[in-house]
2 protein chains.
Amino acid sequence: MALLLRAATWGLSSGRGYCSRGTQGSLREVFVAALRAVVGPPHVSTSIAVREQHGRDESMHRCQPPDVVVWPQNVDQVSRLTALCYSHGVPIIPFGTGTGLEGGVCAVQGGVCMNLTHMDRITALNLEDFSVVVEPGVTRKALNTHLRDSGLWFPVDPGSDASLCGMAATGASGTNAVRYGTMRDNILNLEVVLPSGQLLHTAGPGRHFRPGFWPSLPALYVLGSRKSAAGYNLTGLFVGSEGTLGLITAATLRLHPVPEATVAATCAFPSVQAAVDSTVHILQAAVPVARIEFLDDVMMDACNRHSQLNCVVAPTLFLEFHGSEQALVEQLQRAEEITQHNGGSHFSWAKEAEERSRLWAARHNAWYAALALRPGCKGYSTDVCVPISRLPEILVQTKEDLKASGLTGAIVGHVGDGNFHCILLVDPEDPEELHRVEAFAQQLGRRALALHGTCTGEHGIGLGKRQLLQEEVGAVGVETMRQLKATLDPRGLMNPGKVL
Amino acid sequence: MALLLRAATWGLSSGRGYCSRGTQGSLREVFVAALRAVVGPPHVSTSIAVREQHGRDESMHRCQPPDVVVWPQNVDQVSRLTALCYSHGVPIIPFGTGTGLEGGVCAVQGGVCMNLTHMDRITALNLEDFSVVVEPGVTRKALNTHLRDSGLWFPVDPGSDASLCGMAATGASGTNAVRYGTMRDNILNLEVVLPSGQLLHTAGPGRHFRPGFWPSLPALYVLGSRKSAAGYNLTGLFVGSEGTLGLITAATLRLHPVPEATVAATCAFPSVQAAVDSTVHILQAAVPVARIEFLDDVMMDACNRHSQLNCVVAPTLFLEFHGSEQALVEQLQRAEEITQHNGGSHFSWAKEAEERSRLWAARHNAWYAALALRPGCKGYSTDVCVPISRLPEILVQTKEDLKASGLTGAIVGHVGDGNFHCILLVDPEDPEELHRVEAFAQQLGRRALALHGTCTGEHGIGLGKRQLLQEEVGAVGVETMRQLKATLDPRGLMNPGKVL
């Protein structure tokens, strides 16, 4: 019966004609009524507008709406909804802030979108242990606002104000990773609802946890130790799994002390090579730089215009240093010496919060600055990452490819990690240009692989990079990933069509 | 035929009577001849002495020798040996330096021990990318000797001179983890021979890799980027899998710049609480301490005697700071202020390499110092890890348990991570004492779990902590791990009887 329902309801129709087709519609209505029984009627929507809001992220992947959107209020409901969907063969797509860049929320097979943002509690905070537990509705900025005056903060910063559990699901990183690591390095434990509805704590539930198939208590107190060698690293397996293995319903994050002082600096260079050499030398000198971002000449020009900066239009590094007042003086001095040695000029630093914010706001608004280069166009962001030594080569090649393809693109990157983005401007009404952009992105991905890099440093695979993933990890790698997926999600219903 | 051979050769006999029993012996001889054909006769041994050397590590787990020991010379041979064993249903146990502490190399079902130490090349080193590729025969000290004068080093330091691939397999850490992270944080890519003999590169093979079931070229040039969001984190899955999912035949490690200067310091405290409070305050003040080790009064007394130190017999912190000359002055000053504020006394620091080495040699010889407390006894090391805030509580409880149990034990710990070891002295001829030690260790593990900690911070599960693992990760956690094991090792031949 369940399988029959699946075939009739979800498997054989695209979901586009939801609630409008005779018998199928009735079966769906029964299913939707079951969803409503779990979360309450106000927390289920089948309206076209709501479904379309949930069928796309910030990327250019076309909108593919789910059949229904539900807002569970707690982990118990997530568990029951998941079991319900799974037993009926209905796809499940987790949804946080929708700020992804690889189409991770597109409902390619229709199904139920679980919007987890109503679960927005910070359920445990322990300052002595530098750890906090957040539900999926807690965003990066909301957490740091909550932590204000605590002396601690969560440094992983992908730019957008994403859900922290969503950042865990995509393996996000961003501008602070060179010093504080990525999401992979800053998660101590995850609460995951498995496809069956069962609750998994990847690093253990703690001893007070009340187990059971329908857990009646959320894991309010699960913290976790700073390290563990106990069994397989399940936390690591779910970080970056993009919702394809289970739903992350809470994350225990590692916090860091707020630096006593912060200084930002910018420096212009005669060439890409000089900027990258400076980066390598700064890292080799063990200067504990907190951010080191590269912007190419096109990007700098765009930022000057968009954010009213007055920087030289040249390959540029934006740097940030965290430490004691005394340590910062030394860090700045060393960084300036190194940049000068590499031909850098116009090394200028900003100690006051306001001036510093203006600089970093310009960096964080790089996306909008790039969009302003061709008003009316949409942006497409590539995301390759290579060993740092190969950065100059790939950046020079990329600029040549841009020229040859006739596309407009600006480059910005987390150069301390070897990760950079080319923000391409596309006229959405011009399919030929769209095709050129896609071809460019594929070529860039392959260039990164040829240089022992990866096709994605932080955005994930999603829909668009599945072929590149195969080329990256090879046949054995993909087969191993497929086996893991089939083991944990045997019916293939968790965010289907993504990653693999 | 293969299954018949398996039953006759390995499944039905313990392996203890190897090469001595009529038909079974002949079948085994055929199999051993096949192993010899792969690696050459000098690289296979069935001698009792050799097998016994390979049947135990540095723990108290009883020797369980494999049936045969082979020394593959390259990854191609590992692949062929593994496929041979797998097709014949013969267990495979990887062996590095044998310095494990949880019985990970015990051949509980007999089988083939693969001693990987002949594969001892450093196959790639890229200073600009801070990365190196090592084979399993390369130890921590050998790598750092090789890196001397390069300006880089590999900081993960579990004390013993273990194989780096072995450290990857157990998810090792040690004294530097508070600053540089554990093995989990410092591995960019692994080359793994899967049970079938297929070769997997967990973060991708790079583009020049020549694929194929019998790869004829080792992946000499595989480096890898500093971060990736490409698909499931296979690297993380194999780190800490203790040889139960595949054989690690190469690891790409992340290197760090050698600090410009190093200073060590010690400080005595009136109580455990005061020592731990100092640790938390030092971390909260963002003093980038490189090592922060706790030794209890018993341990200090033992170290004074064994290493001719003249320290106060009290709860003590050993600290080490890495940085520029100028930064160190400030770090030391802050640390001293914090320790004084918490009642610490006798803060003394050692800047000269010789004096520093003497201090840290004493710390690293803590194991032997503890053994000297009861000559003739063997040592047993526990390995729990808890959130730092729970450390005083568990340390005080542990000392009370020690007293109540009548056992001799000294405590030493990586207090910045919440990880500590109780080194218990046991008369190996006294089964009742051995039993008390085991009961004590189990109780300590459960205390850690009750405080949201883990039963192993760095030694792994091996043979002795399988029950504690179940309690730690719960039924769903264990079932998930079992599913992963069954997926990657469907015949259950990779280091059987360990972890799960």
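Identification of chain A as Probable D-lactate dehydrogenase, mitochondrial from Chrysochloris asiatica is taken from an unreviewed UniProt entry. The UniProt entry for chain A carries the following comment under Subcellular location (unreviewed entry): "Mitochondrion". Reading the Sequence similarities (unreviewed entry) entry of the UniProt record for chain A gives the comment "Belongs to the FAD-binding oxidoreductase/transferase type 4 family."

Q: Could you clarify how one ought to interpret the overall build of chain A in this entry?
A: The helix and strand inventory of chain A stands at 16 helices and 19 strands. Taken over C-alpha atoms, the radius of gyration comes to 23 Å for chain A, in line with the 23 Å a tight globule of 500 residues would show. With 500 residues in all, chain A has 63% of them scored as buried. In chain A, once contacts between residues fewer than 6 apart in sequence are set aside, the share between residues at least 24 apart is 71%. Element-wise, carbon and sulfur atoms account for 53% of the exposed surface of chain A, whose accessible area totals about 17100 Å².

Q: Teacher, can you tell me more about the relation of the copies chain A and chain B here?
A: Relating one copy of the chain to the other takes a rotation about an axis and a shift parallel to that axis. You can overlay chain A on chain B at an RMSD of 0.0 Å; the transform is a turn of 180° with a shift of 0.0 Å along its axis. With respect to symmetry, the two chain copies, as superposed, fit the operation of a two-fold axis. Comparing interface residues between copies, 100% of those in chain A also lie at the interface in chain B; the contact surface is shared.

Q: What's the story with the pairing of strand 6 (residues 131-134) of chain A in this structure? I'm lost.
A: Each regular strand carries side chains that alternate between the two faces of the sheet. Residues and elements named next belong to chain A. Burial along strand 6 is two-sided: S131 and V133 facing one way and V132 and V134 facing the other are all buried. Inspection of the sheet shows strand 5 (residues 122-126) paired to strand 6 by 4 bridges, in the antiparallel sense. Bridge assignment links L125 to a residue of strand 6, and that residue is V132. Adjacent in sequence and paired antiparallel, strand 5 and strand 6 are bridged by 4 residues, among which F130 carries a positive phi angle near 55°. In terms of strand pairing, strand 6 meets strand 10 (residues 247-254) through 4 bridges, oriented antiparallel. By the bridge assignment, S131 is partnered in strand 10 with R254.

Q: How do you make sense of the nonpolar core when you look at a structure like this?
A: Side chains of a nonpolar character, in soluble globular proteins, are inclined to be buried together. In terms of nonpolar packing, the biggest core is built from 176 residues, with L143 and L253 of chain A together with L143 and L253 of chain B touching the most fellow members. Sequence-distant contacts of L143 of chain B, that is, excluding residues within four places in its chain, are made with I122, V132, V134, V138, F154, L164, L253 and L255 of chain B.

Q: In this structure, what is going on with the pattern of salt bridges? I would like to understand it.
A: Proximity of charged atoms lets side chains of opposite charge pair with each other. Residues and elements named next belong to chain A. Scanning the entire structure with this criterion turns up 40 salt bridges over all chains. We note a salt bridge from R291 to E320, for which the minimum N-O separation is 3.2 Å. Placement of R291 in strand 13 (residues 289-295) and of E320 in strand 14 (residues 316-323) is noted, with a sequence separation of 29 residues between them. For the residue pair R291 and E320, the accessibility class agrees, reading buried in each case. Residues D401 and R447 are paired through a salt bridge, measuring 2.7 Å at the closest nitrogen-oxygen approach. In this pair, D401 is assigned in helix 14 (residues 391-405) and R447 in helix 15 (residues 431-450), connecting sequence segments 46 residues apart. The class of D401 is buried, set by a relative accessible area of 13%. What emerges from the salt-bridge pattern is a single network uniting R140, D157, R291 and E320.

Q: Help me understand unusual backbone geometry, please; the structure alone is not making it clear to me.
A: Residues and elements named next belong to chain A. In the Ramachandran plot, A286 falls in the positive-phi region, its phi being about 60° despite a non-glycine side chain. Relative to the assigned elements, A286 resides in the loop between helix 9 (272-284) and strand 13. For H346, which is not glycine, the phi dihedral falls at a positive 55°. Counting through the fold element by element, H346 comes out in strand 15 (residues 345-350). The exposure class assigned to H346 is exposed, which follows from its relative accessible area of 55%.

Q: So what exactly am I meant to see when it comes to the packing of helix 16 (residues 466-488) of chain A against helix 16 (residues 466-488) of chain B here?
A: Between two packed helices, both the angle of their axes relative to each other and the distance between the axes serve to describe the pair. Put simply, helix 16 of chain A and helix 16 of chain B touch, their axes get as near as 10 Å, and they point 140° apart. Put simply, helix 16 of chain A runs oblique to helix 16 of chain B. With respect to the hand of their crossing, helix 16 of chain A and helix 16 of chain B are arranged in right-handed fashion. Contacts between helix 16 of chain A and helix 16 of chain B involve T480, Q483, L484, T487 and L488 of chain A from the former and T480, Q483, L484, T487 and L488 of chain B from the latter. Class assignment for the residues of the contact of helix 16 of chain A with helix 16 of chain B results in 4 nonpolar, 6 polar and no charged.

Q: For this particular structure, what's the right way to read the sheet that holds strand 4 (residues 112-115) of chain B?
A: Strands belonging to one sheet form pairs held by backbone hydrogen bonds; the direction of such a pair is parallel or antiparallel. Residues and elements named next belong to chain B. The strand order 1-2-4-3 describes an open sheet built from 4 strands, whose pairing is mixed. This sheet does not close on itself; its edge strands, each paired only once, are strand 1 (44-45) and strand 3 (92-95). Alignment of strand 1 against strand 2 (residues 68-70), held across 2 bridges, turns out to be antiparallel. Bridge assignment links S45 to a residue of strand 2, and that residue is V69. Across the sheet, helix 4 (residues 75-87) touches strand 2, strand 3 and strand 4, and the angle it forms with strand 4 is around 170°.

Q: Explain the state of the cysteines here, please?
A: Residues and elements named next belong to chain A. Applying the stated criterion to the full structure yields 0 disulfides over all chains. Not engaged in a disulfide, the cysteine C106 finds its nearest cysteine sulfur in C63; these two sulfurs lie 7.2 Å apart. A residue is classified by how much of its surface remains accessible, and C106, at 1% relative accessible area, is buried.

Q: It is not clear to me how the interface of chain A and chain B should be interpreted in this structure. Could you clarify?
A: When the parts of a complex come together, some accessible area is lost, and that lost area is often used as the size of the interface. On the side of chain B, 90 residues touch chain A, which itself brings 89 residues to the contact. A buried area of about 7400 Å², summed over both sides, lies between chain A and chain B, and 58% of it is on carbon and sulfur atoms. In this assembly, chain A and chain B are joined by 8 salt bridges. Between E260 of chain A and R334 of chain B there is a salt bridge whose closest N-O contact spans 2.7 Å. Taken together, chain A and chain B are joined by 29 residue pairs in polar contact (both at pLDDT 80 or more). Contributions of two or more residues to the side of chain A that touches chain B are made by strand 9 (199-201), helix 8 (234-238), helix 9, helix 11 (325-341), helix 15 and helix 16 of chain A.

Q: What am I meant to see in empty space enclosed by the protein here?
A: Summary: where empty space remains is shown by rolling a probe the size of a single water molecule over the atoms. All names here are of chain A. Overall, the coordinates contain 9 cavities of 30 Å³ or more when judged by the stated rule. The computed volume of the largest cavity comes to approximately 70 Å³. Along the walls of the largest cavity sit E58, S59, M60, L101, E102, W367, G379, Y380 and S381, which together make up its complete lining. If you tally residues by element for the lining of the largest cavity, the top one is strand 16 (residues 378-381), at 3 residues. Classifying every residue of the lining of the largest cavity by side-chain character gives 4 nonpolar, 3 polar and 2 charged.

Q: Hey, could you run me through the packing of helix 11 of chain A against helix 11 (residues 325-341) of chain B in this one?
A: Where helix 11 of chain A contacts helix 11 of chain B, the two axes come as close as 10 Å, and the packing angle between them is 170°. Between helix 11 of chain A and helix 11 of chain B, the crossing angle belongs to the class labelled roughly antiparallel. Here helix 11 of chain A contributes Q326, A327 and E330 of chain A to the contact with helix 11 of chain B, which in turn contributes Q326, A327 and E330 of chain B. In terms of residue class, the contact of helix 11 of chain A with helix 11 of chain B is built from 2 nonpolar, 2 polar and 2 charged.

Q: Whenever I open this one, the packing of aromatic side chains confuses me. Can you help?
A: In this description, an aromatic ring pair is defined by two values, namely the gap between the centres and the angle between the planes. Residues and elements named next belong to chain B. Considering all chains together, one arrives at 4 aromatic pairs over all chains under this definition. On the basis of an interplanar angle of 85° and a centroid distance of 5.5 Å, the ring pair of W153 and Y180 is categorised as edge-to-face. With W153 in strand 7 (residues 152-153) and Y180 in helix 7 (residues 177-180), the pair connects residues that are 27 residues apart, well separated along the chain. As far as the burial class goes, W153 and Y180 line up, both buried. Relative to W360, the ring of F318 has its centre 6.0 Å away and its plane inclined at 85°; by these criteria the two rings are edge-to-face. Residue F318 is found in strand 14 (residues 316-323), and its partner W360 is found in helix 12 (residues 353-364); the two are separated by 42 residues along the sequence.

Q: Quick question: what am I supposed to make of helix 16 of chain A here?
A: Think of an α-helix as 3.6 residues a turn; residues three or four steps apart then line up on the same face. Under the 1.5 Å per step criterion, the end-to-end length of helix 16 of chain A is only 19 Å for 23 residues, more than 12% shorter than the ideal 33 Å. The axis of helix 16 of chain A is deflected most strongly, by about 110°, at G474 of chain A.

Q: Looking at this structure, how should I read the sheet that holds strand 1 (residues 44-45) of chain A?
A: All names here are of chain A. With mixed pairing, 4 strands are arranged side by side in an open sheet as 1-2-4-3. Because the sheet does not close on itself, it has two edges, and the strands there are strand 1 and strand 3 (92-95). Sheet analysis places strand 2 (residues 68-70) next to strand 4 (residues 112-115), joined by 3 bridges and oriented parallel. Opposite V69, over in strand 4, you have C113 as the bridge partner. Across the sheet, helix 4 (residues 75-87) touches strand 2, strand 3 and strand 4, and the angle it forms with strand 4 is around 170°.

About the thresholds
Here, residues in each chain are numbered from 1, in the same order as that chain's written sequence. As they are written, the chains are lettered A onward and the ligands numbered 1 onward, keeping that order. At least 70 in pLDDT is required for a residue's local features to be given in this predicted model, at least 80 for side-chain atom pairs to be given and counted, and no such filter applies to totals for whole chains, interfaces and linings, which use all residues. In computing side-chain properties, one takes all heavy atoms of the structure into account and sets aside hydrogens as well as water. UniProt positions are given in the numbering used here, feature names are shortened, and annotations may be inferred rather than shown by experiment. Helix and strand assignments follow DSSP, with helices taken as H or I runs no shorter than four residues and strands as E runs no shorter than two, numbered in order from the N terminus. Radius of gyration: C-alpha atoms only; globule rule: 2.2 Å multiplied by the number of residues to the exponent 0.38. Each residue is assigned to one of three classes by its accessible area relative to the maximum for its type, calculated with a 1.4 Å probe on protein chains only: buried under 20%, partly exposed between the two thresholds, exposed over 50%. Any two residues having at least one pair of non-hydrogen atoms within 4.5 Å are treated as being in contact. Computed with a 1.4 Å probe, the accessible areas rest on the Shrake-Rupley method; for each residue, only the protein chains presented here act as cover. The copies are overlaid by a least-squares fit using only the C-alpha atoms of residues whose pLDDT is at least 70 in both copies. Two strands qualify as a pair provided that DSSP identifies no fewer than 2 bridges between them. Nonpolar cores are built from buried Ala, Val, Leu, Ile, Met, Phe, Trp, Tyr and Cys residues. Side-chain atoms within 4.5 Å join them into one set. What makes a salt bridge here is a side-chain nitrogen of Lys or Arg within 4 Å of a carboxyl oxygen of Asp or Glu, nothing more. All axes here are fitted lines through C-alpha atoms, helices being fitted over the stretch that makes contact, and every angle between N-to-C directions spans 0 to 180 degrees. Orientation categories follow fixed angle ranges, with anything under 35 degrees roughly parallel, anything over 145 roughly antiparallel, 65 to 115 roughly perpendicular, and all other angles oblique. Each crossing is labelled by how the near helix is turned from the far one, with a counterclockwise turn of less than a right angle marking it left-handed and a clockwise turn marking it right-handed. Each residue gets one of three labels, nonpolar for Ala, Val, Leu, Ile, Met, Phe, Trp, Tyr, Cys and Pro, charged for Asp, Glu, Lys and Arg, and polar for the others, Gly among them. Here, two cysteine sulfur atoms that lie within 2.5 Å of each other are counted as a disulfide. Summed over both partners, buried area is the accessible surface (1.4 Å probe) that two parts give up on being assembled. Think of a polar contact as two N or O atoms within 3.5 Å of one another; within protein, one of them needs to be a possible hydrogen donor and the other a possible acceptor, and neighboring residues in sequence only count if both atoms come from side chains. Method remark: on a 1 Å grid restricted to protein atoms, a set of points is classed as a cavity if a 1.4 Å probe fits but cannot get out and as a pocket if it is open with protein on both sides within 12 Å along at least five of seven lines; lining residues have an atom within 4 Å of a point. Grid points are joined across faces, edges and corners, and a volume is the space filled by probe spheres set on the points. We call Phe, Tyr and Trp rings a pair once their centres come within 6.5 Å, taking the six-membered ring for Trp, and we label the pair stacked below 30 degrees between planes, edge-to-face above 60, and tilted otherwise. Helix span, as expected, comes to 1.5 Å for every residue beyond the first. The seven residues ending at a residue and the seven starting there each receive a fitted axis; the angle between those axes is the bend at that residue.

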